[in-house]
Amino acid sequence: MGRASLLPCLLTEFAILAAGMVRAEDPTTADQLARQAEAHRAEGKLEQSFNELLRARALAEKSSDPGLLSAIDAALADVGSAGEFDGRAREGWARALDRLLAEIDPGQERTRAAALNTLGRLRDTPDSVDAFRQSAVLARRAGDPALAATAGINAARRLAAMGAPAQAEAALTEVERDLAALEDGGAKAFLLVAQGIALMDVQAAARQSRGSLARRSHDCFVKAAELARAAGDRRTLSAARGYLGTLYERMGRPDDALVLTREASFWAQERMAADLLFRWHWQAGRLHRSQGRTADALMAYDAATAAIRRIRSDLLRAYGGYGSLFREAIGPVYLESADLRLRQASALRGTPQAQRHLVAARDALEQLKAAELEDYFQDDCVAALKAKVQTIDPLAPGTAVLYPILLPDRLELLLSLSDGLHQATVPVGGAEVGAVAASFRRQLEQRTSSRFLGDARRLYDWLVRPFTPLLEARKSDTLVLVPDGPLRSIPMAALHDGKRFLVERYALAVTPGLSLMEPKPLTVQQAELLLAGLTESVQGFPALPFVESEIKTIHGALGGTVLENRSFVIERVGRELNAAPYSIVHIASHGKFEPEASDSYILAYDGRLSMDQLERFVKLSQYREEPVELLTLSACQTAAGDDRAALGLAGVAIKAGARSALASLWFINDQASSQLIADFYRRLATGAPGKAEALRQAQISMLTDVRYQHPGYWAAFLLIGNWR
C-alpha cells in the first residue's frame, strides 16, 4: 500500500490533532477559538478553521502570552498548508514554520512539538521523519501524550511509505505507551483509529502476513469504537467500524467485513460525513464484487461516486499539492466502477443493456477527468469555466471519438460514433501501454533516429487498429482522442500503421473530457487576432528569431494587433484583451507546462505570464459574448514524459475559457515551429474545413519536406478542444 492509502481515512489524515497545540489550562477566548478551529480542522472545514485561528491570533496578540501566540501560528501553518494548493505555497508555510521555530523559546516544548509535527508533514521528505520524532520527544517531555501519539503515528506512516516497516513498527510501539497515558474519550478514540490504520500500512509495507500486526490493528479499532460510542462521537465510531471492515476484507472475511461496512455507513449517514460515506460505499462495492453480486456492487459504486461529488472541493483541499496522489487516492473508485461496467457490457455485447453500461462507464471516468483537471489547476470551478458546452453525443458524420481506458489487466477502447458507443478490448495491461508511450515520447524527440517506429506501430495496433474497419466503413475523417494518463503526453499524429502515419489518414484533435466546447466552426475571415511574440533573448532565455516571420506571415494573411518584444509585456496583454473581443490569441514565446499548474507559465518581455493571469486576461473583455475561439501557444513545451504536466496542456483551453488551443508537447526548433504555425493559419485563411484539418494539412506539408520528415518536427503540435 502506497502513500495514497495513508491519507483518506478522514479529511484530517495529516492532522496534528494538537491537544497540546493550545494550552488546556488557559481559558482565554483566544484559546477557546483555537480549540474550536481545531475541531473544524478535524471535520475538514479548512476555511472556517483558518478564519477562526486568525481571530484567535488577533486576540492572542493583545495578551501577554507569547506561547499561546506561537501555538496559534503553528496551527495557522498547518491549516493554511492544507488549504493551499501547490508545492510553492506548502514550502512557504514550511519556511514560516522554520522562522517560528527559531523564535520559540526552547522551554516552550509543547509549541515546538506542534510546529515540528506540522513541518514534518509539509516537507514530505525522508528528513521529515526526524521532525516527527523530535516532535514526539518534546511532546512527551511536555506531558502531552496526544500530540506525542500524533507525531509518532505520522513518523510511522512516513516510514511505512518509505519501505521501512520495521522502523515504522517500532515507532508505533512507542505510540501505544502514549495512548495508554491518555484519558478515555473521543480524542483517544480518533488516535486509536489512526494507530490501527498505521498498523495496517506497516503490514502492507512488510509484504508478508503478520498475525500480530493484524491483532493489534483489530484491538485498536475495537477499543476506538467502544470509546467513540461512549463519547457519542458518531464520526469516529463510523471510522472505527469501517476500518475494522477494511481489515476483515484484507483477511479474507468478506461477510464479516460487509456487516461492519454497513454499520459504518449508517453512522456516517447519521453524522452526514460524506467523506467517510464515499469510502464505505466504495468498500461495499469491492466486497459485493468479490462475492459475485454485480448489481449490488454497481449500486454501491454509484453511491460512492455520488458522495464524492458532494465533497469534491473538500477532497481537492485535502489532497492539494500532492499531484498524482489525488488520482491514486480517489481514482480507483471510478476505475473500479468503470471496469465492472465494461465487463458487463462485454458480456451483453450487442444488447441495449450493453450500451447503457458503456455510457455509465464513460460517465464515471468523465467525473474522474473533471476532478483531475480541477486538482491540477486547484480550482473547483474549472468544470464550469467552459463558456458553452455540448456533450459529445450526437456527433457529426465523419467524426469519431476514441476513448482509451487503461486498466491493470487490459486496455479497453470506446469509440463514439453517430450511432453510439462501440467497445474493443486489447489484452495488454495499462502499465505496458504506459511504458511504451514513454519510450515513444523519448524516441520522437531524437530527430536523427527512426527507432520511434517500433513503438509507433505497437501503439497503433493497440489504440487504433481494433477499430480501423469500423472507421473505414463509416468514412470517418476526423478522430478525436480523449487520452488518459501517459497517453496525454504523446502525439497521436505520429502513430504508424506500417505504411503511413495516422495524421495521413485523419484530422486529429485532443480533448481532456467528453464535454467539449460547442463545436462551432471558426470563421477566420471575421476573426479579430491578437499576435504576441518574443524574438529577442530575455530573462536568460535564448532568442527566437523566426518568430518575427511567423507573426508577419499570420498578420499578412489575417491582420490583427501585434505585440512584439518590448510591447509584449504582461500589463499590455491584459489591456488589449480587455479592450477588444479577440477571437484568436496567438502567443509565440518560451513557455512550460509543469506538474504543478502554479509553475507553468508563458514568457513575456517583462516576466512570466501565469495560467491564472492568462485566464483573467482572456475573460476581462467587457464586450465578450463569445469565448476566444483559438488560443495558440507556439514554442511552449510540457515537462518531458509527465502526464500531469500534459494534463495542464490539455486543460489550458478550458482554464482560459477558450473553445480550443493549439500547443506543443515539446520544443521544436524555431524555424520548423514557425513554418508549421504560419502554414496552419494560411490554410485556415484559404478555406480548410476546420482547425483540425488545417493542422493536418500543415503537418503533412512538413512531412513531405526533406528537412522535416521526422515526426519530431511536426507531430508535437496538438489541437485541443473544438476541432471545427
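Residues numbered from 1 in each chain as written. Predicted model: local features only at pLDDT ≥ 70, side-chain atom pairs only at ≥ 80, totals over all residues. Heavy atoms only, no water.

Colleague: Even after reading the chapter, I still don't get the overall build of the chain, so can you show me in this structure?
Modeller: Scanning the chain for helices and strands turns up 26 helices and 15 strands. Burial statistics for the chain: of 724 residues in total, 60% are counted as buried. The contacts of the chain with a sequence gap of at least 6 include a subset with a gap of at least 24, amounting to 72%. (Helix = DSSP H or I, 4+ residues; strand = E, 2+ residues; numbered from the N terminus. Buried < 20%, exposed > 50% of the residue type's maximum accessible area, 1.4 Å probe, protein only. Contact = heavy atoms within 4.5 Å.)

Colleague: Looking at this model, I keep getting lost on the packing of helix α17 (residues 430-444) against helix α18 (residues 452-463). Mind explaining?
Modeller: Each pair of packed helices can be summarised by the angle the axes make with each other and by the distance between the axes. Between α17 and α18, the shortest axis-to-axis distance is 9 Å and the interhelical angle comes to 140°. Between α17 and α18, the angle falls in the class oblique. Crossing handedness for the pair α17 and α18: left-handed. Of the residues in α18, those touching α17 at E432, V433, V436, A437, S439, F440, Q443 and L444 are F452, D455, A456, R458, L459 and W462. Its residues assigned to classes, the contact of α17 with α18 shows 9 nonpolar, 2 polar and 3 charged. (Axes fitted to C-alpha atoms, helices over the stretch in contact; angles between N-to-C directions. Parallel < 35°, antiparallel > 145°, perpendicular 65-115°, else oblique. Left-handed = near helix turned anticlockwise from the far one by under 90°. Nonpolar A, V, L, I, M, F, W, Y, C, P; charged D, E, K, R; others polar.)

Colleague: Got a minute to help me understand the environment of R575 in this structure?
Modeller: Note that R575 resides in helix α21 (residues 570-579). Since its relative accessible area comes to 45%, R575 is described here as partly exposed. Put simply, R575 and F617 are 42 residues apart on the chain and 8.0 Å apart in space, counted from C-alpha to C-alpha.

Colleague: It is not clear to me how helix α11 (residues 234-250) should be interpreted in this structure. Could you clarify?
Modeller: Think of an α-helix as turning once every 3.6 residues; residues three or four places apart then point the same way. The end-to-end C-alpha separation of α11 is 24 Å, in line with the 24 Å expected for 17 residues at 1.5 Å each. Burial analysis of α11 places 14 of its 17 residues in the buried class, the great majority of the element. Immediately downstream of α11, the backbone of G252 shows phi near 80°, a positive value. (Expected span 1.5 Å × (residues − 1).)

Colleague: I would appreciate a short explanation of the packing of aromatic side chains in the present structure.
Modeller: The description of an aromatic ring pair rests on the distance of the ring centres and on the angle between the ring planes. Within the structure shown, the criterion is met by 8 aromatic pairs. When the centroid spacing of 5.1 Å and the interplanar angle of 80° are considered together, the rings of Y243 and W280 count as edge-to-face. Of this pair, Y243 sits in helix α11 while W280 sits in helix α13 (residues 274-290), and the two are 37 residues apart along the sequence. One exposure class covers both Y243 and W280, and it is buried. Plain terms: the ring middles of F501 and W714 are 5.2 Å apart, the flat faces sit at 80° to each other, and that makes the pair edge-to-face. (Phe/Tyr/Trp six-rings, centres within 6.5 Å; stacked < 30°, edge-to-face > 60°.)

Colleague: Looking at this structure, I do not really get the environment of R724. What am I missing?
Modeller: Relative to the helices and strands, R724 resides in the segment after β15 (717-721). Spatially, the C-alpha atoms of R724 and P689 are 7.2 Å apart, while their sequence positions differ by 35 residues.

Colleague: Would you mind showing me how to read the pairing of strand β12 (residues 607-610) here?
Modeller: Taken residue by residue, a regular strand's side chains alternate between the two faces of the sheet. Pairing of strand β11 (residues 601-604) with β12 involves 4 bridges; the strand directions are antiparallel. What sits directly across from I602, in β12, is L609. Count of turn residues in the β11/β12 antiparallel hairpin: 2 residues. (Pairing = 2+ DSSP bridges.)

Colleague: I keep staring at the side chain of R241 and nothing clicks. Help me out?
Modeller: Note on placement: R241 falls in helix α11. Among residues more than four places away in sequence, those in contact with R241 are A225, L260, E263 and A264.

Colleague: When you look at the confidence of the model for the chain in this model, what are you seeing that I'm missing?
Modeller: Caution applies to low-pLDDT regions: their predicted coordinates should not be interpreted in detail. On average, residues of the chain score 83 in pLDDT, and 81% of them are at 70 or above. Per-residue pLDDT, averaged within each element of the chain, yields its smallest value for strand β1 (residues 389-391) (46) and its largest for α18 (98). Scored below 50 in pLDDT, residues 1-28 makes 92 contacts in the model with residues more than four places away or belonging to other chains. Within the model, the stretch residues 383-390 combines pLDDT values under 50 with 24 contacts to residues more than four positions away or in other chains. (pLDDT = per-residue confidence, 0-100.)

Colleague: What is the right way to read helix α5 (residues 109-123) from this model?
Modeller: An ideal rise of 1.5 Å per residue puts 21 Å on 15 residues; α5 measures up with 21 Å between its terminal C-alpha atoms. Burial within α5 is extensive, with 12 of its 15 residues counted as buried. Residues of α5 that are buried: E109, T111, A113, A114, A115, L116, N117, T118, L119, G120, R121 and L122.

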